[in-house]
Amino acid sequence: MSEPAIDIDRPHQPAQSPPPAQPPEPGERTRGPWLMAAATTVTLLLLAGRYGYHRDELYFLLAGRHLAWGYVDQGPLVPALARLLDTIAPGNLVVLRTPSAVLAGGAVLLVAAIARELGGGRGAQLVAAVLAAISGIVLANGHLLSTTTIDLLVWLVAAWCAVRLLRTSDSRWALGVGLALGVGMLSKLLPALLAVGLVAGVLIAGPRRLLRDRWVLAAAGITVLLAAPNLIWQAANGFPQLGVAASIADGDSSYSGRLNALTLQFVIISPYAVPIWVAGLVALLRRPAWRAYRAVGWAWLVVVGIVLLAGGKGYYDAPLLLVLTAAGAILTAAWASRGSVRVRRGLLVLGAVPFLLPSIVLLLPVLPADRLPGFVVDVNYDAGETIGWPAFADSLAAVHGGLPAEERSRAVVLTSNYGEAGAVARYGPARGLPRAYSGHNSMVDFGRPPADADVIIAVGWERPDQLNTWFEQCTLAGRVDQRVEVENDENGGPIHVCRGLRAPWAQIWDTEVRRTG
């Protein structure tokens with residue numbers, strides 16, 4: 001047998017590695033996510049008027065009366081929105097919460113759109129939409145006007161644009177990322193964390209050329225330009241948001257603490273979704289067809305790592321968990337389409353049922369407020385902060401009405417937190433209450449009591465020794481009775497009447513209240 005001929009004129013060519021797998025094309029469009037988004041928004045609107053204002057909403061309304069380019073704990077976007085909505089329909093809780101309900105529906109659509117962009121078909125998009133619609137981060141924040149609701153949509157828009165950029169290699173989609181992040185930073189500085197995560201993801205997994213791409217650099221410029229008013233205000237005031245972040249890291253807030261942050265990763269979407277988003281993360285990092293998207297998986301790892309190390313709140317990275325859930329929905333839909341299809345799909349549906357009802361009961365105001373079980377507030381702190389504000393104002397009015405007539409005109413209310421001050425602003429005028437002041441967060445910048453205000457109704461101060469450093473005499477005059485058995489920060493709180501300023505208000509406010517607030 002003759003030897004095979006060798007072409008000595010052609011140089012030897014090394015073996016070529018196979019070209020990298022191309023990401024799959026987007027799946028076919030379907031109406032299912034739109035129906036889920038509409039159902040989410042309608043449900044939230046139907047429940048928007050139950051219970052009452054959240055203490056943060058009362059604060060936003062007060063901040064909206066003192067519009068600025070920044071606040072100690074947030075940017076100008078939500079207070080400005082609260083003022084607009086309250087101007088359109090004063091005192092209307094449903095109108096105030098309508099944007100959040102609409103944004104929650106938008107979040108459901110975006111999660112499904114990300115699944116579609118990753119190659120998910122109709123079934124995968126529907127699974128992604130359902131998981132988003134029943135997730136804790138969407139339901140809880142879709143019920144309240146909140147900076148977190150803005151963050152949720154901002155992060156998902158940025159993530160969708162980033163995924164589209166990575167699929168198409170069209171870096172002009174970076175402009176969408178920059179626009180979303182810039183708008184988001186007018187609410188809070190938190191979207192900067194997503195920017196850090198995405199940049200780190202690209203550095204780790206590529207394509208690194210994006211970091212010097214002109215469209216990406218232009219997007220960064222757009223983010224800075226849009227965020228500039230808030231950034232300038234923060235810089236001029238010593239970046240107080242960093243101080244608030246430090247307080248959160250020290251555990252001085254709900255949902256804070258590293259253990260809470262870690263635990264929240266497994267419940268903030270739903271315990272049911274945990275294996276789905278974990279599978280999505282693994283696939284983003286290891287699936288050959290999704291090599292282009294590895295930066296997104298790394299972005300979540302970087303962001304959650306920063307949150308845990310810095311002691312941030314565990315829901316900060318939740319929008320990226322929804323992105324991982326979108327990826328996992330594709331794997332879940334594929335699994336449900338193999339073998340015994342009816343059995344597998346039945347298992348998926350039956351598995352979701354035990355988690356759906358608790359999510360609704362814990363996160364939405366479906367139970368009677370006057371018979372709210374304690375475990376609801378134990379799990380969902382925010383539920384307790386939406387109950388009893390009119391009765392809170394009644395408790396203060398009873399103390400105010402008990403003052404001698406000559407003292408009522410000199411009396412003011414001093415509250416321990418911004419929610420209490422917001423409740424007095426909302427419900428106090430109808431009850432004849434004087435203006436409330438507080439040193440909590442940006443409330444300290446909204447004004448101090450007049451110089452001749454020497455009768456103080458102090459509410460929520462559990463340590464009377466602190467009051468005694470400011471006033472000559474403080475006596476317990478009553479306690480807050482919200483007329484329901486709910487464990488929140490106000491119910492049963494002390495109401496003191498203090499008299500006799502030990503120093504002028506200007507001195508007390510600037511050297512004592514501002515420091516302790």
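Residues numbered from 1 in each chain as written. Predicted model: local features only at pLDDT ≥ 70, side-chain atom pairs only at ≥ 80, totals over all residues. Heavy atoms only, no water.

A. Broad picture of the pairing of strand β3 (residues 455-459). Within β3, 5 of the 5 residues are buried, which leaves it mostly tucked inside the rest of the structure. Both faces of β3 are covered, namely the face carrying V455, I457 and V459 and the face carrying I456 and A458. (Buried < 20%, exposed > 50% of the residue type's maximum accessible area, 1.4 Å probe, protein only. Helix = DSSP H or I, 4+ residues; strand = E, 2+ residues; numbered from the N terminus.)

B. Focus on the environment of W160. Residue placement: W160 occurs in helix α7 (residues 147-168). With 13 residues separating them along the chain, W160 and W173 place their C-alpha atoms 9.4 Å apart. When residues no more than four places from it in sequence are discounted, the contact partners of W160 are L110, A113, I114, E117 and W173. (Contact = heavy atoms within 4.5 Å.)

C. A look at unusual backbone geometry. With an omega of 0 degrees, the peptide bond between G206 and P207 qualifies as cis. Within the secondary structure, P207 sits in the loop between α9 (191-205) and α10 (214-236). The phi dihedral of R483 falls on the positive side, at around 60 degrees, and the residue is not glycine. Residue class for R483 comes out exposed when judged on its relative accessible area of 56%.

D. Examining the sheet that holds strand β4 (residues 471-479) more closely. Taken in spatial order, the 5 strands make up an open sheet running β2-β1-β3-β5-β4, and their pairing is mixed. Among the strands making up the open sheet, the edge pair consists of β2 (436-438) and β4. Strand-to-strand, the axes of this sheet are offset by a mean angle of 30 degrees, without reference to chain direction. Across 5 bridges, the pairing between β3 and strand β5 (residues 494-501) is antiparallel. Residue I456 lies in a different strand from β5, and its bridge partner there is C498. Each of β1 (411-415), β3, β4 and β5 is contacted by helix α19 (residues 389-401), which is oriented at about 150 degrees to β3, the strand it contacts most. Packing against the sheet, helix α21 (residues 418-427) makes contact with β1, β2 and β3, and its axis sits at approximately 165 degrees to β2. (Pairing = 2+ DSSP bridges. Axes fitted to C-alpha atoms, helices over the stretch in contact; angles between N-to-C directions.)

E. Structural context of the packing of helix α1 (residues 32-47) against helix α4 (residues 93-117). In contact at an axis separation of 8 Å, α1 and α4 are set at 160 degrees when each is read in the N-to-C sense. It follows that α1 is roughly antiparallel to α4 by the angle criterion. Seen along the crossing, α1 lies across α4 with a hand that is right-handed. Residues P33, W34, M36, A37, T40, T41, L44 and L45 of α1 pack against V94, T98, A101, V102, A104, G105, V108, L109 and A112 of α4. Among the residues making up the contact of α1 with α4, the classes are represented as 13 nonpolar, 4 polar and no charged. (Parallel < 35°, antiparallel > 145°, perpendicular 65-115°, else oblique. Left-handed = near helix turned anticlockwise from the far one by under 90°. Nonpolar A, V, L, I, M, F, W, Y, C, P; charged D, E, K, R; others polar.)

Any functional reading would require information that these geometric values do not contain.
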